[in-house]
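Residues per chain are reported as follows:
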Amino acid sequence: GFTGAGFRDGSGKRRAVFVIVAAAVSAAVLKEQGHACHYRPLLFDALRVIIASMRLGYLYSRYPVISQTFCDAEMLALERRGVELVIGSVYPPLTSLRHEYISKLRAPIHYAPPQEILKSLERDATNHRKWPRDLVEQHEGKYGPNAKAQQRARNALYFADFFARSRVDHVHVHFANRAAHTAIFLKKISGISFSLTAHGQDFMKDLGSDDLLREIC
């Protein structure tokens, strides 16, 4: 679920938790009063409201990749259930090879701009005191230059603005790698919550830092 449920600037953002909690409480009351037949339909109605009002972001390090068919299937299943997706990828694919699944996906894929543009975003954010300097310095000190904290923060600046303009409620990240590291900065900058799916390679190879992996998780 989402943390800090509430209404924000009239957009209904994070309405989902409010609705499901209210439905669960109401259903429990009805059940206590002997109206068990209303229990499930009320919760299903609440879930339908959640799905109808939700806009979910996805963030990848690189997408699409032909081996990521499980990601394609996951997002297609969400679209079939009425969830509106906003997909971001830090890097474009290395090849033109695609699985047939990708042609069924309705949501377009948005990529971060080149580093030259991201550096200009950093300068602008610094001038407007929006650059997460303390977190960047903290990660550079804890995880070293290989973690590329400044580059992750630049990408996060772009996607924080992009997801906010797209009115995204929550971001799900595949995988616990550069994309998840970027999401830490994205949350710091925008306040948008994130979750992630992690896989074996993430733990064994991708990040190269057990401590950073623990912080991400």
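Quick caveat, the model's predicted, so the values are computed rather than measured.

S.K.: Quick question: what am I supposed to make of the pattern of salt bridges here?
M.R.: Close approach of charged atoms allows side chains of opposite charge to pair. Applying the stated criterion across every chain, the model contains five salt bridges. In this structure, the salt-bridge partner of arginine 55 is glutamate 84, at a minimum N-O distance of 3.1 Å. Highlighted residues: arginine 55 in strand β1 (residues 55–62) and glutamate 84 in strand β2 (residues 84–91), separated in sequence by 29 residues. Arginine 165 is the salt-bridge partner of aspartate 161, the closest N and O atoms lying 2.8 Å from each other. Taken together, the positions of aspartate 161 and arginine 165, both in helix α6 (residues 149–165) and four residues apart, correspond to about one turn of that helix.

S.K.: Honestly, the pairing of strand β5 (residues 194–197) in this entry has me stumped. Any pointers?
M.R.: The side chains of a regular strand alternate, residue by residue, between the two faces of the sheet. Two strands pair when backbone bridges link them, and strand β4 (residues 170–174) and β5 are joined in this way by four bridges, in the parallel orientation. Each residue of the ladder has a partner; that of histidine 172, found in β5, is serine 195. Read as a crossover between parallel neighbours, the route from β4 over helix α7 (residues 178–190) to β5 is right-handed.

S.K.: Help me out: how do you make sense of the nonpolar core in this one?
M.R.: Soluble globular proteins tend to bury their nonpolar side chains together. Core analysis: the biggest nonpolar cluster contains 35 residues, and Leu59, Phe159, Phe163, Val171, Val173, Phe185 and Leu186 have the highest contact counts within it. Taken together, the elements giving at least two residues each to this core come down to β2, α4 (115–127), α5 (133–143), α6, β4, α7 and α9 (210–216). Residues within four places of phenylalanine 159 in sequence aside, it is in contact with Leu59, Gly88, Ser89, Val90, His110, Tyr111, Ala112 and Leu186. Residues Tyr58, Tyr63, Met75 and Ala107 belong to the second largest nonpolar core, which totals 15 residues.

S.K.: Where do I start with the packing of α4 against α6 in this structure?
M.R.: At their nearest, the axes of α4 and α6 sit 9 Å apart, and the two run at 80° to each other. Between α4 and α6, the angle falls in the class roughly perpendicular. Listed contacts from α6 to Gln115, Leu118, Lys119, Leu121, Glu122 and Ala125 of α4 are Gln150, Gln151, Arg154, Asn155, Leu157 and Tyr158. When the residues that make up the contact of α4 with α6 are grouped by side-chain class, the tally is five nonpolar, four polar and three charged.

S.K.: Got a minute to help me understand the packing of α5 against α7 in this structure?
M.R.: When two helices pack together, their arrangement is given by the angle between their axes and by how far apart the axes lie. As a packed pair, α5 and α7 sit with axes 10 Å apart at the nearest point and diverge in direction by 155°. Relative to α7, the element α5 lies roughly antiparallel. In terms of crossing hand, the pair formed by α5 and α7 is right-handed. Residues Leu135, Val136 and His139 of α5 form the contact with α7, whose own contacting residues are His181, Ile184, Phe185 and Lys188. The class makeup of the residues in the contact of α5 with α7 is four nonpolar, two polar and one charged.

Procedures and definitions
- Residues numbered from 1 in each chain as written.
- Predicted model: local features only at pLDDT ≥ 70, side-chain atom pairs only at ≥ 80, totals over all residues.
- Heavy atoms only, no water.
- Salt bridge = Lys/Arg side-chain N within 4 Å of Asp/Glu carboxyl O.
- Helix = DSSP H or I, 4+ residues; strand = E, 2+ residues; numbered from the N terminus.
- Pairing = 2+ DSSP bridges.
- Right-handed = clockwise from strand over helix to strand, strands pointing away.
- Core = buried A, V, L, I, M, F, W, Y, C linked by side-chain atoms within 4.5 Å.
- Buried < 20%, exposed > 50% of the residue type's maximum accessible area, 1.4 Å probe, protein only.
- Contact = heavy atoms within 4.5 Å.
- Axes fitted to C-alpha atoms, helices over the stretch in contact; angles between N-to-C directions.
- Parallel < 35°, antiparallel > 145°, perpendicular 65-115°, else oblique.
- Nonpolar A, V, L, I, M, F, W, Y, C, P; charged D, E, K, R; others polar.
- Left-handed = near helix turned anticlockwise from the far one by under 90°.

Function cannot be read off these values alone, since they describe shape.
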